[in-house]
Amino acid sequence: MIADAHGVQPAGAVLETDVCIVGGGAAGITVAREFANSRQRVVLLESGATQLDSATQNLYAGTNVGYSYFDPASCRLRYFGGTTNHWGGWCMPLDAIDFQRREGFPYSGWPFDRAYLEPWYQRAQEVCQLGPFDYAPSHWGMDPAKIPRPFTGPHFHCGVLQASPPTRFGEAYRTMLQAATQVNVYLNANVVRLVTNESYREVREALVSTLGGHLFSVRAKLFVIAAGGIENARLLLSSGPESAGLGNDRDLVGRFFTTHIQYHGGEILVSDDRARFDFDTGPDGVDYTGFGRAYKFVTNFGLAESAMQRFSLPSFKFRLMYALTPLDEGVNAAKRMLEAKDDWSGIKRDLDTIVRDLHRRPAFEERPAFSREGQPVGAVLLRCQSEQFPNPNSRVRLGTERDALGMRKIVIDWRPTAADREKAAATLRLFGAEVGRVGLGRVRSFFREDDVAWPSDMFGDQHHAGTTRMHSNPAQGVVDPNCAVHGVANLYVAGSSVFPTIGGGNPTLTIAALALRLADRIKDGLA
Amino acid sequence: MMLCRSPGRRRFLELLSSGIAVGYWSSTGPIDLAGADDFERARQILVALFSDLRRVRAVAAAYVGSVASEETSPAALMRAILDDLSISTAAGMTVAAIRGIIAERMRLDFLYNDIVCINGWILSKTEARLCALAAWDMGNENKDKTVNVGLGPRLWRHPVDDPARLTRAIIRRRP
């Protein structure tokens, strides 16, 4: 059933259920749909309705005080389906190394390995409307022999992202949840506080308010916070002891706010006349029908696990962007950036000749093979995504201003560090050396060696993670390996806020896998 | 690698980009090695790898501006480029053969991270050294092209600002 919270009468009513889920995004809906045919009763509380509403969206308002970051009111969506309502749909599991404790990588290591999570990853494929749990490029019709070095190792590799339609979770699963007799979804239901017992060790009920001030509460055996990577921390900090927040005995809630760091990291001057880039699908992807029906996939490239270990580097993924002549709209910004910062513009032209001479190869511009969409390629830009090191000083916390419901607004203090930049620059150098070694060409890194700044277009992505990080030790994590909040008997967290490290892959598939696992745990526990 | 900011080298960079250093010499034609010693033969063979020496100047200037002083002479550059290959052996090789050796040197540079970063461009030290060697050569070749004032010696041996004095110094250096 899906209903409007205003229909819960009378004011001050208490709804009784087995499981209360806070948040109707990818995580919350994934947990809820697992109970569609269950005997356990579930209440899902969603702040928004089925369409974007500015008053509700403004409940996300907050401020940035750290490194420049997205407006908190615009980098996520607060209505049924959550941020999947503007999600691009790219999916991939985290790599095995992303789960490991890594040398030179503080706070790394998940409490379990990738193999352990794979059964839920396989089920998450269906939830995200993807093909089979198979990310080997050769199984997607790609001929490894046609992928040039250095994209085939040893330090870098070509991978596959599967493209979800993208699944708008609110739309895709609305009918299912509407028909589920044991699942009650309430829209316009904002949880403003979790009410606990006196010792703060057990949640008794969720206090709910509509924007119009209609109040009621939900009493449950178990509570699952699935409100998003920032909002999960906000709700915990808004509950429990006034000075500390719930589950925050160790002052960890909201810390370790981590995301993927995005930037144009460099460009490739291609000098190898044998180079073919038709193995690259580009961002639009291509359909592959080898699995019995058409599934879309996108190529992406990344640092190999062996290189991450050998050089103590965090995960690094990149895509190739082709600056066509005439320039298409998508690369104009990057082109302008290049021109603005390039006070040695002749060197690129010089190098084309130098490298061509030393390798005895024909001129770059004379090769008709190197074109895309019928246009010659002027430059290959590297669109990079670096994994951010977990940093306890990178955090979200409560501000002093209050929203329309009286909740304290969020303050985002995102802090990428010098170490993040150094590792990103080192990875670009490694890639540049590999491109040179195999004779593909030369790379220009946009990291200046005489400066500490990031490339000028660097930004933190909308992959909010780490604010309720998972660790078996309560001194190092907010939730335990089962995503239960340390020290609170019946409270769980779903979503990317539990990621101890963000890894290299886009997070939604992992969010869904962890949500499925949590649903299984809850069902087992309740049974 | 941090780019060197010493005034002398900066002045050289300015000269490179100014009208003073406008000499153009291409090595695409046949190399006249008659009467040259092994060092000169090897040097000219290396320089002959480049089809257009105008293209090496910016890289050369940036590299020389960034490296330690022991590499700022043609002899030192030759030693660094050729490594364990003797000058006499190199002097007896063809341009094609030396190109193969240089390609392998560059490959190994990249493999072992023996790289330099010039305005962001990640280059092998060998190719940067070759550019530096060729830029020096621009000062000593083309005797009949009077506009060439000899950038190499100006850079490495004669830190003076007077182009006329510089030219005299170069002429004195010639064998």
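Calculation criteria
- Residues numbered from 1 in each chain as written.
- Chains lettered and ligands numbered in written order.
- Predicted model: local features only at pLDDT ≥ 70, side-chain atom pairs only at ≥ 80, totals over all residues.
- Heavy atoms only, no water.
- Helix = DSSP H or I, 4+ residues; strand = E, 2+ residues; numbered from the N terminus.
- Contact = heavy atoms within 4.5 Å.
- Areas by Shrake-Rupley, 256 points an atom, 1.4 Å probe, with all protein chains shown as cover.
- Lys, Arg positive; Asp, Glu negative; His and termini not counted.
- Charge placed at Lys NZ, Arg CZ, Asp CG, Glu CD.
- Buried < 20%, exposed > 50% of the residue type's maximum accessible area, 1.4 Å probe, protein only.
- Phe/Tyr/Trp six-rings, centres within 6.5 Å; stacked < 30°, edge-to-face > 60°.
- Lys NZ or Arg CZ within 6 Å of the ring centre and 35° of its normal.
- Axes fitted to C-alpha atoms, helices over the stretch in contact; angles between N-to-C directions.
- Parallel < 35°, antiparallel > 145°, perpendicular 65-115°, else oblique.
- Nonpolar A, V, L, I, M, F, W, Y, C, P; charged D, E, K, R; others polar.
- Buried area = accessible area lost by both parts, 1.4 Å probe.
- Salt bridge = Lys/Arg side-chain N within 4 Å of Asp/Glu carboxyl O.
- Polar contact = N/O pair within 3.5 Å; in protein donor to acceptor, adjacent residues only side chain to side chain.
- Pairing = 2+ DSSP bridges.
- Right-handed = clockwise from strand over helix to strand, strands pointing away.
- Left-handed = near helix turned anticlockwise from the far one by under 90°.
- Expected span 1.5 Å × (residues − 1).
- pLDDT = per-residue confidence, 0-100.

Q: Let's hear about the overall build of chain A: which residues, and what values?
A: Counting its secondary structure elements, chain A contains 11 helices and 21 strands. The dimensions of chain A, computed from C-alpha atoms along their principal axes, are 80 × 50 × 40 Å. Looking at chain A alone, contacts between residues at least 24 apart form 74% of all its contacts between residues at least 6 apart. Of the roughly 19500 Å² that chain A leaves accessible, carbon and sulfur atoms contribute 47%. Distance from the positive charge centre (56 side chains) to the negative charge centre (57 side chains) of chain A: 2 Å.

Q: Now, about the overall build of chain B: what can you tell me, with residues and values included?
A: For chain B, the helix and strand inventory stands at nine helices and two strands. Starting at the N terminus and walking to the C terminus, you meet the elements of chain B as α-α-α-α-α-α-β-β-α-α-α. Counting all 175 residues of chain B, 55% fall into the buried class. The long-range share in chain B, meaning contacts at least 24 apart out of those at least 6 apart in sequence, stands at 64%. Put simply, chain B shows about 7700 Å² of open surface, and 53% of that area lies on carbon and sulfur atoms.

Q: Give a detailed account of the packing of aromatic side chains, specifying residues and quantitative values.
A: Residue and element names in this part refer to chain A. A full pass over the atoms with the stated rule returns 38 aromatic pairs over all chains. Note on Phe 156 and Phe 318: the rings are 6.2 Å apart at their centroids and 75° apart in plane angle, and the pair reads as edge-to-face. Of this pair, Phe 156 sits in strand β6 (residues 156-163) while Phe 318 sits in strand β14 (residues 316-324), and the two are 162 residues apart along the sequence. Looking at Phe 156, the relative accessible area reads 0%, which means it is buried. Sitting over the ring of Phe 35, Lys 523 keeps its end group 5.7 Å from the ring centre.

Q: Could you give me a rundown of the packing of helix α3 (residues 114-127) of chain A against helix α11 (residues 508-526) of chain A, with the residues and numbers involved?
A: Each pair of packed helices can be described by the angle between their axes along with the distance between the axes. Residue and element names in this part refer to chain A. It is the contact of α3 with α11, at a shortest axis distance of 8 Å, that shows an interaxial angle of 110°. One way to sum up the angle between α3 and α11 is to call them roughly perpendicular. Counting all contacts with α3, which are made through Tyr 116, Leu 117, Trp 120, Tyr 121, Arg 123, Ala 124, Gln 125 and Val 127, the residues of α11 involved are Leu 509, Thr 510, Ala 512, Ala 513, Leu 514, Leu 516, Arg 517, Asp 520 and Arg 521. Taken together, the residues that form the contact of α3 with α11 break down as 11 nonpolar, two polar and four charged.

Q: Could you give an account of the interface of chain A and chain B, naming the residues involved and the relevant values?
A: Contacts between chain A and chain B engage 30 residues on the former and 29 residues on the latter. Note on chain A versus chain B: buried area summed over both sides is about 2800 Å², and carbon and sulfur give 64% of it. Between the two partners, chain A and chain B, sit two salt bridges. Close ionic contact of Asp 350 of chain A with Arg 55 of chain B constitutes a salt bridge, the shortest N to O distance being 3.7 Å. At the junction of chain A and chain B, the tally comes to six residue pairs in polar contact (both at pLDDT 80 or more).

Q: Requested: an account of the pairing of strand β2 (residues 14-22) of chain A, with residues and values cited.
A: All names here are of chain A. Taking burial as the measure, the nine residues of β2 include seven buried ones, the bulk of the element. The sheet contact formed by β2 and strand β10 (residues 215-225) spans eight bridges and is parallel. Looking at β10, one finds that Val 14 is bridged to Ser 217. Sheet topology note: the β2/strand β3 (residues 42-45) ladder contains four bridges and is parallel. Bridge assignment links Val 22 to a residue of β3, and that residue is Leu 45. Traced from β2 through helix α1 (residues 26-33) to β3, the parallel crossover comes out right-handed.

Q: Run through the packing of helix α10 (residues 418-437) of chain A against helix α6 (residues 95-111) of chain B, naming residues and quoting values.
A: Taken N-terminus to C-terminus, the directions of α10 of chain A and α6 of chain B make an angle of 160°; their axes are 8 Å apart at the nearest point. By the criterion of interaxial angle, the relationship of α10 of chain A to α6 of chain B is roughly antiparallel. As α10 of chain A packs across α6 of chain B, the resulting crossing turns out to be left-handed. On the side of α10 of chain A, the interface is formed by Gly 432, Ala 433, Gly 436 and Arg 437 of chain A, while α6 of chain B contributes Arg 107, Phe 110 and Leu 111 of chain B. Each residue belonging to the contact of α10 of chain A with α6 of chain B can be placed in one class, and the counts come to three nonpolar, two polar and two charged.

Q: Describe the environment of Ser 239 of chain A, listing the residues and the values that go with them.
A: Residue and element names in this part refer to chain A. Mapped onto the secondary structure, Ser 239 falls in the loop between α6 (231-237) and β11 (260-270). Ser 239 sits 30 residues away from Leu 269 along the chain, and the two C-alpha atoms are 55 Å apart. Once you skip the residues sitting within four places of it in the chain, Ser 239 turns out to touch Arg 193, Leu 194, Gly 245 and Leu 246. Here the side chain of Ser 239 touches Leu 194 through a polar contact of 2.9 Å, landing on its backbone nitrogen.

Q: I'd love a proper account of the pairing of strand β7 (residues 183-187) of chain A, names of residues and values included.
A: Residue and element names in this part refer to chain A. Counted residue by residue, β7 has four buried out of five residues, so it is predominantly covered. As paired strands, strand β1 (residues 2-4) and β7 are joined by three bridges and run parallel to one another. If you follow Ala 3 over to β7, its bridge partner there is Tyr 186. Here β3 runs beside β7; their pairing, made up of four bridges, is parallel. Its bridge partner lying in β7, Val 42 is registered against Val 183.

Q: Pulling in residues and values, what's your account of α10 of chain A?
A: Here α10 of chain A is 20 residues long and its end C-alpha atoms lie 28 Å apart, about the 28 Å a rise of 1.5 Å per residue gives. Along α10 of chain A, 14 of the 20 residues are buried, which leaves the element largely enclosed by surrounding structure.

Q: Explain the pattern of salt bridges residue by residue, including any values.
A: Enumeration over the complete set of coordinates arrives at 29 salt bridges over all chains. The shortest N-O distance in the salt bridge between Arg 442 of chain A and Glu 127 of chain B comes to 2.7 Å. Separated into two different chains, Arg 442 of chain A in strand β19 (residues 441-445) and Glu 127 of chain B in helix α7 (residues 125-140) make up a pair that spans both. Of the two residues, Arg 442 of chain A and Glu 127 of chain B, both sit in the buried class. A network of salt bridges, in which partner residues are shared, links Arg 33, Glu 34, Arg 123, Glu 126 and Asp 520 of chain A.

Q: I'd like a rundown of the sheet that holds strand β4 (residues 62-64) of chain A, residues and numbers included.
A: Residue and element names in this part refer to chain A. Taken in spatial order, the three strands make up an open sheet running β4-β18-β17, and their pairing is mixed. Only two strands of the sheet have a single neighbouring strand rather than two, namely β4 and β17 (395-402). Sheet twist, expressed as the mean angle between neighbouring strand axes with direction ignored, is 30°. As judged from the five bridges shared by β17 and strand β18 (residues 408-413), these two strands associate in the antiparallel manner.

Q: Let's hear about the confidence of the model for chain B: which residues, and what values?
A: Residues and elements named next belong to chain B. Averaged over all residues, the pLDDT of chain B equals 68, while 57% of them reach at least 70. Ranking the elements of chain B by mean pLDDT puts helix α8 (residues 151-156) last, at 34, and strand β2 (residues 121-124) first, at 95. For residues 1-29, every residue scores under 50 in pLDDT, and the model assigns this stretch 62 contacts once sequence neighbours within four places are set aside. For this predicted complex, the interface confidence comes out at an ipTM of 0.86, alongside a pTM of 0.86.

Q: Describe unusual backbone geometry, and please don't skip the residues or the numbers.
A: Residues Gly 153 of chain A and Pro 154 of chain A are joined by a peptide bond in cis, for which omega reads 5°. Counting through the fold element by element, Pro 154 of chain A comes out in the loop between α3 and β6. Note that the residue after Pro 165 of chain A, namely Pro 166 of chain A, is joined by a cis bond; omega there is 5°. One can find Pro 166 of chain A in the loop between β6 and α4 (169-172). Notably, Asp 251 of chain A is not glycine yet its phi reads approximately 55°, a positive angle. Looking at the element boundaries, Asp 251 of chain A is found in the loop between α6 and β11. Within the chain, Asn 119 of chain B stands out as a residue other than glycine whose phi angle is a positive 50°. Mapped onto the elements, Asn 119 of chain B comes out in the loop between β1 (115-118) and β2. Assessed through its relative accessible area of 12%, Asn 119 of chain B is described here as buried.

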